[in-house]
Each structure stands twice: as C-alpha cells, then as structure tokens.
Amino acid sequence: MRVLVVGSGGREHALAWKLAQSPTLTELHAAPGNPGIAALAECHPIRADDPESLLGLARSLEVDLVVVGPELPLVLGLADALRRFGFLVFGPSAAAARIEGSKSFAKEVMAAAGVPSAKRLALARPPCVVKADGLAAGKGVFVCRTRAEVDVAMRALSGSGGDIVVEELLSGPEVSLFGICDGREVRALVSAQDFKRAYDGDEGPNTGGMGAYAPAVGIDPSAAEALVEEVHRPVLAELSRRGSPFVGLLYAGLMMTPDGARVLEFNCRFGDPETQAVVPLVDGDLLEALAAAASGDVSGVSVESSGSAAVTVVLAAERYPEDGHRGGAIHGVADAESAGALVFHAGTALQGERLVTNGGRILAVTGRGRSLAEARTIAYDGAELISFPGARFRRDIAAAAVGIGVDR
Ligand code: AMP
Ligand code: GLY
C-alpha cells in the first residue's frame, strides 16, 4: 500500500513510525512531515490546511490510503474532497468532524444518543466551566471556581466572537480513549492519560499536552470495552442516523467521576501526545486496521496491546505555550534512542545538517516497559540526554500512577 500521512507533529511521527512497520506498506509519504518523519517517509512541502494541494499530491502519488492527523483539515472537509476522487481516507467527513468542531453539536448528539456528559448550564455562575463552542487549539476552556474567574473567561471568549458553552464543573481522573471507527463499529486502543497543564502539579495554563502514559490506571481492556459500549457506539449510531457516519479516530476525553464516566469532549483525530504513548503499545498491524476502517469494516481488526506500558514526556520550548523557539541547536537525540527511548519529533527543523528547534512542543520522548515504572525511567533517562536552549519538561508525568511524589 502507498500511504500519505497528513500533518507534521509528534502524533504524525508516531503514526508514521508504526505504519512503516507494516508488511503491507510499499511507500510512505507525508505532507508536510518533519525531520523525524523524513527518516521513514518521503516528505512533501504541502501544509495540512491546504486541501487543494493535498488532493493534487494524493492524485499525483496515486496513494491507496490517506491518514489525516490534525483536526483543522478534517473540519474544513479534506476527507470529503479526497473521497470524491475515490481515495480511501482514515479521517471523518466535515459533517462528522463537527463532533470536535462544535461543542454544542457534540452535546446535542450525546443527548440524542443517551451518552453521559457534563450538564449544560444556562448561566455562567461559579463553579462552572466556560468553553468556546468552536475549535480553539486548547485555549478555549476555562475552569471557573470564583466569580472573578468567570469574568476573565467571559471577557476572553466574548472577544473571540464565537458562541460559548457553559457546563457543570466535574472532578475525577481524566482518561483519553481512542476508537478506530468504520462508521458503525469501533475497536478501542489502549487507554491513556494526558497531562494538559504546563507545569508540575497541574499548575499553569492549559497546553496541547505535556506528556501522557498508557494504559490509564484502572482502565484495563475490559473497562475500555465497557466505555466504548457506553460512549463510542451510541455516538456512531447517532451520527450514522443523521447521515454523517464517522470514519476515523473518535477520541473521547472522559472524566471518571464518582457517578461514572462523563464525556468532557470529543476529538475527531488521534490525540497528541497520547498517540506517542498508545501507538507503541499496539501489537497488531495498525496500517491494516486504519485501511479496514477507511474501507468501512473493522470487524476483522485486532489492535490489542502487549500488556506493557508506555510513558511519554514532551520536551517543550521555555516559553511554551505562550511562545515557541526557533533555530536553537538540538543535541542528544541519538543518545536517547541508544538508551532505549523512542524520540518523536514535534517542532523541529533542519538547518543544513543541524537539527534545530522549530515550535512550542519540540520532541516527545517515549519509554516502554513491562511496568509503568520501568517505562517512566526509560522516558526520563532519555529526556535527560537531550538538550536545546530553554528545554523544559514536566517531572511528574505518570508519577502519581506509579505511586511516587513529584520528584522522581
Ligand atoms: P476540553 O478541551 O473540553 O477537554 O477541556 C480541557 C480540559 O479542561 C479538560 O481536560 C479538563 O481538565 C478541563 N475540563 C473540561 N470540561 C470540564 C468539566 N466539565 N469539569 C471539569 N473540568 C473540565
Ligand atoms: N492531548 C489532547 C489533544 O490531543 O487534544
């Protein structure tokens, strides 16, 4: 199979790394890709948010499957455009991608499907959570415990012009659960936990994610299957009933409250950085699974995981998420790999032969082990071997899960 991966982050590097191991792969292409992906695939300088050029690229390469990483091109209709020209696509139509693109649409679908979510509130009164309705790149959610926090949220979001959703403030551990969907059926991948806040102890602003581990504590394969039955299948049935079946990766962001699981959000694509922890644990052939879903039948697919664990630590620029860093020399990637870590590129570039920083989240370092503690040691030992100006990472990824304090 000739495959095109769309995107340029750590998520896409992890996907490319796994797809490259498939015996059915003949050619791997990426647009635009990154220097890490370039070691596995031919990279083409076309941006993920340029659907017309991507369609032209898919046609000229005569690819058999397109795997779309980020949400924006999906919400803009890239999968529809590709399907119109007969391409197999792993990624939902614009109509189905609204499950991520509009929080009020997601709530409407969940209500119709009987899926438990945070209750919508009519008034923004603390405690509550105030959210931008549309895509906000992780910056649209404000957890408000005081009146002053509500005021800050309302000011920030009313300036953005879009609609606002207010919901009840829930508490409990969060779980990211990915389902590979063919429009009707779903196969769950191993559960994960994301670390969204910028600093140790869940302090500081929300980010795209500073680390992850898998499987999430308490969510073994049978618990994951129960959640998929409660959440993913009813949503798939409802989207299908509305004439917009979901083909691609349905990511449920869940909070495990004392009253049971509640959906905080859906994403219409793989999570970043959870993918960098989840995908290395998949035993089966991911390419076969994605192609089967894109063809409309996952019934023969097995994406079981090996029973081991993974921890991913994101190495970010000093000022991330406010700002990124560009042009700083990166050292130590090969050393981290020799020490047993997987290093996924997220915001890197090549200046001649030199690998340099090029973004907010620069690299994601994953350790795998028979236990979470072992995986964590490998990830952190790898992270310590890498350096660039202002490099920063959280020290407490998966710390609570392995039963230790913030200092590892
Ligand atoms: P979202 O993008 O909707 O997943 O929200 C980002 C983060 O905000 C989540 O990962 C939670 O940590 C937090 N959050 C969102 N909704 C709620 C809620 N209803 N109750 C408590 N925390 C929430
Ligand atoms: N890690 C959260 C996300 O991908 O949205």
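Structure's up top.
Since the model is a prediction, treat every value here as computed from it, not as a measurement.

1. Brief notes about the site of ligand 2
Step number 1: In the region of ligand 2, the neighbouring residues are Asp194, Gly208, Tyr251, Asn267, Arg269, Gly271, Asp272, Pro273 and Glu274.
Step number 2: Here a nitrogen atom of ligand 2 and a side-chain polar atom of Asp194 are 2.8 Å apart.
Step number 3: Contact distances for ligand 2 include 2.8 Å between an oxygen atom and a side-chain N or O atom of Arg269.
Step number 4: In the complex, 89% of the free accessible area of ligand 2, which totals 200 Å², lies under the protein chains.
Step number 5: Residue composition of the shell around ligand 2, by class: 2 nonpolar, 3 polar and 4 charged.

2. Topic: the site of ligand 1
Step number 1: Near ligand 1 lie 14 residues; those nearest to it are Glu167, Glu168, Leu170, Glu174 and Glu265.
Step number 2: Separating an oxygen atom of ligand 1 from a side-chain N or O atom of Lys103 is a distance of 3.3 Å.
Step number 3: Summarising the interface, the protein chains cover 90% of the accessible area of ligand 1, which totals 470 Å² for the free molecule.
Step number 4: At the level of elements, strand S6 (128–132) and strand S16 (260–267) are the ones that each hand at least two residues to the shell around ligand 1.
Step number 5: Its residues placed into classes, the shell around ligand 1 shows 7 nonpolar, no polar and 7 charged.

3. Some remarks on the sheet that holds strand S1 (residues 2–7)
Step number 1: The 5 strands are arranged S3-S2-S1-S4-S5 in an open sheet whose pairing can be described as parallel. Looking at strand neighbours, the two that pair on one side only are strand S3 (42–43) and strand S5 (89–90), the edges of this open sheet.
Step number 2: The strands touched by helix H2 (residues 51–61) are S1, strand S2 (27–32) and strand S4 (65–68); relative to S1, the strand with the most contacts, the crossing angle is about 165°.
Step number 3: Strands S1, S4 and S5 of the sheet are contacted by helix H10 (residues 286–295), whose axis makes an angle of about 100° with S4.

4. Remarks on the pattern of salt bridges
Pairing is possible between side chains that carry opposite charge, provided their charged atoms lie close to one another.
Step number 1: Within this structure, the stated rule accounts for 23 salt bridges.
Step number 2: We note a salt bridge from Glu238 to Arg242, for which the minimum N-O separation is 2.7 Å.
Step number 3: Glu238 gets classed as buried once you look at its relative accessible area, which sits at 6%.
Step number 4: Counted as one network, the salt bridges with shared partners bring together Glu185, Arg187, Glu225, Glu229 and Arg233.

5. Focus: unusual backbone geometry
Step number 1: Ala214 connects to Pro215 through a cis peptide bond whose omega is -10°.
Step number 2: The residue Pro215 is located in the loop between strand S14 (211–214) and helix H8 (221–241) in this model.
Step number 3: The residue after Tyr320, namely Pro321, is reached through a cis peptide bond having omega 10°.
Step number 4: By the secondary structure assignment, Pro321 is in the loop between strand S17 (309–316) and strand S18 (325–329).
Step number 5: Of note in this structure, Asp202 is not a glycine but carries a positive phi near 55°.
Step number 6: Summarising the element assignment, Asp202 is placed in the loop between strand S12 (197–199) and strand S13 (203–206).

6. Notes on the packing of aromatic side chains
Two aromatic rings, taken as a pair, are described by how far apart their centres are and by the angle between their planes.
Step number 1: Taken as a whole, this structure holds 6 aromatic pairs when the rule is applied.
Step number 2: Consider the rings of Phe178 and Tyr251, whose centres lie 5.2 Å apart with planes at 35°: the pair is tilted. Pair noted here: Phe178 is in strand S9 (residues 174–182) and Tyr251 is in strand S15 (residues 247–257), with a separation of 73 residues, a long-range link. Exposure class is identical for Phe178 and Tyr251. Each is buried.
Step number 3: Ring geometry for Phe195 versus Tyr213: centroids 6.2 Å apart, planes at 45°, classification tilted. One end of the pair, Phe195, is in the loop between strand S11 (193–194) and S12; the other, Tyr213, is in strand S14, with 18 residues separating them in the sequence. Tyr213 matches Phe195 in its accessibility class, with the two residues each being buried.

7. Points about the environment of Ile404
Step number 1: Note that Ile404 resides in the segment after helix H12 (372–384).
Step number 2: Separated by 150 residues in the primary sequence, Ile404 and Leu254 have C-alpha atoms spaced 24 Å apart.
Step number 3: Not counting the four nearest positions on each side in its chain, Ile404 is found in contact with Arg376 and Ala399.

8. Considerations on helix H5 (residues 94–101)
Step number 1: Those residues of H5 not exposed but buried are Ala96, Ala97, Ile99, Glu100 and Gly101.
Step number 2: The inward-facing, buried residues of H5 abut helix H3 (71–75), helix H6 (103–113), H8, S15 and S16.

9. So, the nonpolar core
Step number 1: Counting residues in hydrophobic clusters, the biggest one holds 48 residues, and the most contacted among them are Ile99, Phe246 and Phe266.
Step number 2: The dominant element in this core, judged by the number of residues it contributes, is H8, at 7 residues.
Step number 3: Look past the residues within four positions of Ile99 in its chain and what remains in contact with it is Phe105, Ala106, Val109, Val235, Phe246, Leu250, Phe266 and Cys268.
Step number 4: With 46 residues, the next largest nonpolar core counts Val3, Ala214, Ala277 and Val301 among its residues.

10. Details of the packing of H6 against H8
Step number 1: Where H6 meets H8, the axes come as close as 9 Å, and the angle between the chain directions of the two elements is 105°. With respect to each other, H6 and H8 are oriented roughly perpendicular. In this structure, H6 uses Phe105, Val109, Ala112 and Ala113 to contact H8, whose residues at the interface are Pro234, Val235, Glu238 and Leu239.
Step number 2: Of the residues that constitute the contact of H6 with H8, the class distribution is 7 nonpolar, no polar and 1 charged.

Cut-offs used in this document
- Residues numbered from 1 in each chain as written.
- Chains lettered and ligands numbered in written order.
- Predicted model: local features only at pLDDT ≥ 70, side-chain atom pairs only at ≥ 80, totals over all residues.
- Heavy atoms only, no water.
- Near = heavy atom within 4 Å.
- Polar contact = N/O pair within 3.5 Å; in protein donor to acceptor, adjacent residues only side chain to side chain.
- Areas by Shrake-Rupley, 256 points an atom, 1.4 Å probe, with all protein chains shown as cover.
- Nonpolar A, V, L, I, M, F, W, Y, C, P; charged D, E, K, R; others polar.
- Helix = DSSP H or I, 4+ residues; strand = E, 2+ residues; numbered from the N terminus.
- Pairing = 2+ DSSP bridges.
- Contact = heavy atoms within 4.5 Å.
- Axes fitted to C-alpha atoms, helices over the stretch in contact; angles between N-to-C directions.
- Salt bridge = Lys/Arg side-chain N within 4 Å of Asp/Glu carboxyl O.
- Buried < 20%, exposed > 50% of the residue type's maximum accessible area, 1.4 Å probe, protein only.
- Phe/Tyr/Trp six-rings, centres within 6.5 Å; stacked < 30°, edge-to-face > 60°.
- Core = buried A, V, L, I, M, F, W, Y, C linked by side-chain atoms within 4.5 Å.
- Parallel < 35°, antiparallel > 145°, perpendicular 65-115°, else oblique.

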